[in-house]
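Structural overview
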Amino acid sequence: MQVTRELFNDVMVPNYNPSEVIPVRGEGSRVWDQTGKEFIDFAGGIAVNCLGHCHPALVNALKTQGEKIWHLANVMTNEPALRLAKKMTDATFAEKVYFANSGAEANEAALKLARRFALDVYGEDKTQIIAFNKGFHGRTFFTVTVGGQAAYSDGFGPKPAAIDHCDYNDIAAFEALISDKTCAVMMEPLQGEGGIVSPTAEFAQKVRQLCDKHNALLIFDEVQTGVGRTGDLYAYQGLDVIPDILTSAKALGGGFPIGAMLTTTEIAAHLKVGTHGSTYGGNPLACAVAEAAFDTVNSSSVLAGVKEREQLFRTGLMAINEKYHVFSEVRGKGLLLGAVLNDTFAGRARDFLVAGINHGLMSLVAGADVIRFTPSLVIPIADINEGLARFEKAVADVVNG
Ligand SMILES: *Cc1c(COP(=O)(O)O)cnc(C)c1O
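Conventions we followed
Residues numbered from 1 in each chain as written. Predicted model: local features only at pLDDT ≥ 70, side-chain atom pairs only at ≥ 80, totals over all residues. Heavy atoms only, no water. Helix = DSSP H or I, 4+ residues; strand = E, 2+ residues; numbered from the N terminus. Buried < 20%, exposed > 50% of the residue type's maximum accessible area, 1.4 Å probe, protein only. Contact = heavy atoms within 4.5 Å. 1 Å grid on protein atoms, 1.4 Å probe; cavity = no way out; pocket = protein on both sides within 12 Å on 5 of 7 lines; lining within 4 Å. Points joined across faces, edges and corners; volume = space filled by probe spheres on them. Nonpolar A, V, L, I, M, F, W, Y, C, P; charged D, E, K, R; others polar. Pairing = 2+ DSSP bridges. Axes fitted to C-alpha atoms, helices over the stretch in contact; angles between N-to-C directions. Near = heavy atom within 4 Å. Polar contact = N/O pair within 3.5 Å; in protein donor to acceptor, adjacent residues only side chain to side chain. Areas by Shrake-Rupley, 256 points an atom, 1.4 Å probe, with all protein chains shown as cover. Sits in = over half its atoms within 2 Å of the grid points. Domains from an automatic or database assignment. Left-handed = near helix turned anticlockwise from the far one by under 90°. Parallel < 35°, antiparallel > 145°, perpendicular 65-115°, else oblique. Salt bridge = Lys/Arg side-chain N within 4 Å of Asp/Glu carboxyl O.

Points about the environment of threonine 127
Positionally, threonine 127 belongs in the loop between α5 (103-122) and β5 (128-132). With relative accessibility at 29%, the residue threonine 127 sits in the partly exposed group. For the pair threonine 127 and valine 370, spaced 243 residues apart in sequence, the C-alpha separation works out to 35 Å. The residues contacting threonine 127, other than those within four sequence positions of it, are Arg115, Ala162, Lys181 and Cys183.

Structure below.
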């Protein structure tokens, strides 16, 4: 069967509008489409392919586990899940892990746990969940309502209740909102979808202090920032703020679907037998691949490499900007970077993305004003240079109309 872009319109629900490009093969940070055209991948499947495409350690884990056992229901204990959980707890503040299949599912578990914990410990009045405008936490109805973008959560009927929002980095607004009725605060330790916005150190610390004061749980959504993306294994480690619950997905499986919620023994105790679950969550195949990804990323050489690569991106993007004057700043951390368009080019991030595709470069946007780069954490230096050269051509195209 000949698969074309037109077939998408014939057979798919129209909730996506994918590119005309149909990639069929990838190796490292290079991808080839149906016609054999080559792309440099600065998108990484939206911060998922942390080790590029078909990394040997991941292929090996997939093949090896694929010939042993794929799926067991959670009525069975399985080796890969427990090995991965042990490694994740050894490497973080957490003592307990729950496995899911996606970021939204990990966040759904975190929110349900926070509500149950507050009910058990403090009674039924402590239900408020505070989150931040422009935050993104997934597309289940609970998580999309906690996310701070009405465009994603409206139009589906009555929403889960007791969810309030204020601006990210606005300490006064947050302080005015939080009280003893607050059950949990959910935040990204660097807003991804919302435009690559870092928290100020003061804001992150104040959120932690106020959560402590009001006995509210602090949930860090590290679905995009986690597993090496910012140059730390998890972004909280670079912020000196320890959450009570942390969620991880995207890069965790390096391209194989898996999500995880991490917390302390004390809090975890409230998800008693039967209170929550998932058919596929923690399946051996996903956990075996994630274990290989986690082991590879959680090394000083890969994490230091992220910081080196960040500098190459920043230097390269600023050099392009000196010639073409398109950005007001380059922001973000590690390999979660955003080039923010200046007033002249505001609203045109998609044009740069499309021009990039024409020159063999895959990138992303984060809203209408920010071009987002989330490449492989181990992208070869030569591919960074070649990708930036292609991006420069794309910028020239947009600037010259
Ligand atoms: C992508 C993302 C999610 C949603 O993850 P899914 O796997 O698509 O459900 C949640 N939170 C953040 C911060 C994300 O970037």
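Examining empty space enclosed by the protein
Applying the stated rule across the entire model yields one cavity of 30 Å³ or more. Taken together, Gly135, Phe136, His137, Gly138, Thr143, Val144, Gly147, Gly148, Gln149 and Tyr152 make up the full set of residues lining the largest cavity. For the lining of the largest cavity, the per-class residue count stands at three nonpolar, seven polar and no charged.

A short note on the sheet that holds strand β3 (residues 38-41)
Two strands in a sheet stick together by hydrogen bonds in their backbones, pointing the same way (parallel) or opposite ways (antiparallel). Judged by pairing direction, the sheet is mixed, and its four strands sit side by side in the order β1-β2-β3-β13 without closing on themselves. The sheet terminates laterally at β1 (23-27) and β13 (361-362), the two strands that pair on one side only. Pairing of β1 with strand β2 (residues 30-33), which is carried by four bridges, proceeds in the antiparallel orientation. The residue of β2 that forms the bridge with proline 23 is aspartate 33. Most of the contacts of helix α15 (residues 381-399) go to β3, to which it runs at about 110 degrees, and overall it touches β2, β3 and β13.

As for the site of the ligand
Around the ligand, the structure places Ser102, Gly103, Ala104, Asn107, Phe136, His137, Gly138, Glu188, Asp221, Val223, Gln224 and Lys250. Phenylalanine 136 is positioned with one of its backbone polar atoms (N or O) 3.2 Å from a nitrogen atom of the ligand. At 2.8 Å from an oxygen atom of the ligand is found a side-chain nitrogen or oxygen belonging to glutamine 224. For the ligand, whose accessible area on its own is 380 Å², the fraction buried by protein is 82%. Counting atoms within 2 Å of the grid points, the majority share of the ligand lands in the largest pocket.

A few points about the layout of surface pockets
Its boundaries defined by the atoms lining it, the largest pocket holds a volume of some 1,800 Å³. In terms of lining residues, the largest pocket is bounded by 48 residues, among which Tyr16, Ile46, Glu193, Leu364 and Arg372 are the most central. For the lining of the largest pocket, the elements supplying multiple residues, two or more each, are α2 (44-47), α5, α14 (349-358) and β14 (364-365). Among the elements that make up the lining of the largest pocket, the one with the highest residue count is α14 (four residues). Tallied by class, residues from the lining of the largest pocket come to 22 nonpolar, 16 polar and 10 charged. No fewer than three residues from each of domain 1 (5-54 + 300-399) and domain 2 (57-297) sit in the lining of the largest pocket.

Points about the packing of helix α4 (residues 79-91) against helix α12 (residues 284-297)
Where α4 meets α12, the closest approach of the two axes is 8 Å, and the angle between their N-to-C directions is 35 degrees. Where α4 crosses over α12, the handedness of that crossing is left-handed. Where α4 approaches α12, its residues Pro80, Ala81, Arg83, Leu84, Lys87, Met88 and Ala91 are matched on the opposing element by Pro284, Cys287, Ala288, Ala290, Glu291, Phe294 and Asp295. Residue composition of the contact of α4 with α12, grouped by class: 10 nonpolar, no polar and four charged.

With respect to the packing of α14 against α15
Orientation of α14 relative to α15, taken along the N-to-C sense of each, is 125 degrees, at an axis distance of 8 Å. Classed by the angle they form, the pair α14 and α15 counts as oblique. The two elements α14 and α15 cross, and the hand of that crossing is right-handed. On the side of α14, the interface is formed by Asp351, Phe352, Ala355 and Gly356, while α15 contributes Ala394, Val395, Asp397 and Val398. Split by residue class, the contact of α14 with α15 holds five nonpolar, one polar and two charged.

Things to note about the sheet that holds strand β10 (residues 259-263)
The seven strands lie next to each other as β4-β10-β9-β8-β7-β5-β6, forming an open sheet whose pairing is mixed. The open sheet terminates on both sides in strands that have one partner only, identified here as β4 (96-100) and β6 (163-166). Strand-to-strand, the axes of this sheet are offset by a mean angle of 20 degrees, without reference to chain direction. Bridging between strand β7 (residues 182-187) and strand β8 (residues 217-221) involves four bridges; their strand directions are parallel. What sits directly across from methionine 186, in β8, is isoleucine 219. Relative to the sheet, α4 contacts β4, β9 (245-248) and β10, its axis offset from that of β4 by approximately 130 degrees.

Points about the pattern of salt bridges
Under the defined criterion, the tally for this structure stands at 18 salt bridges. Glutamate 38 is the partner of arginine 30 in a salt bridge, and the nearest nitrogen-oxygen pair spans 3.1 Å. Exposure remark for glutamate 38: the relative accessible area of 22% places this residue in the partly exposed category. A salt bridge links arginine 348 to aspartate 351; the shortest N-O distance between them is 2.7 Å. Several salt bridges share partner residues, and in doing so they unite Arg30, Glu38, Asp383, Glu386 and Arg390 into one network.

Coordinates in, geometry out; function isn't part of it.
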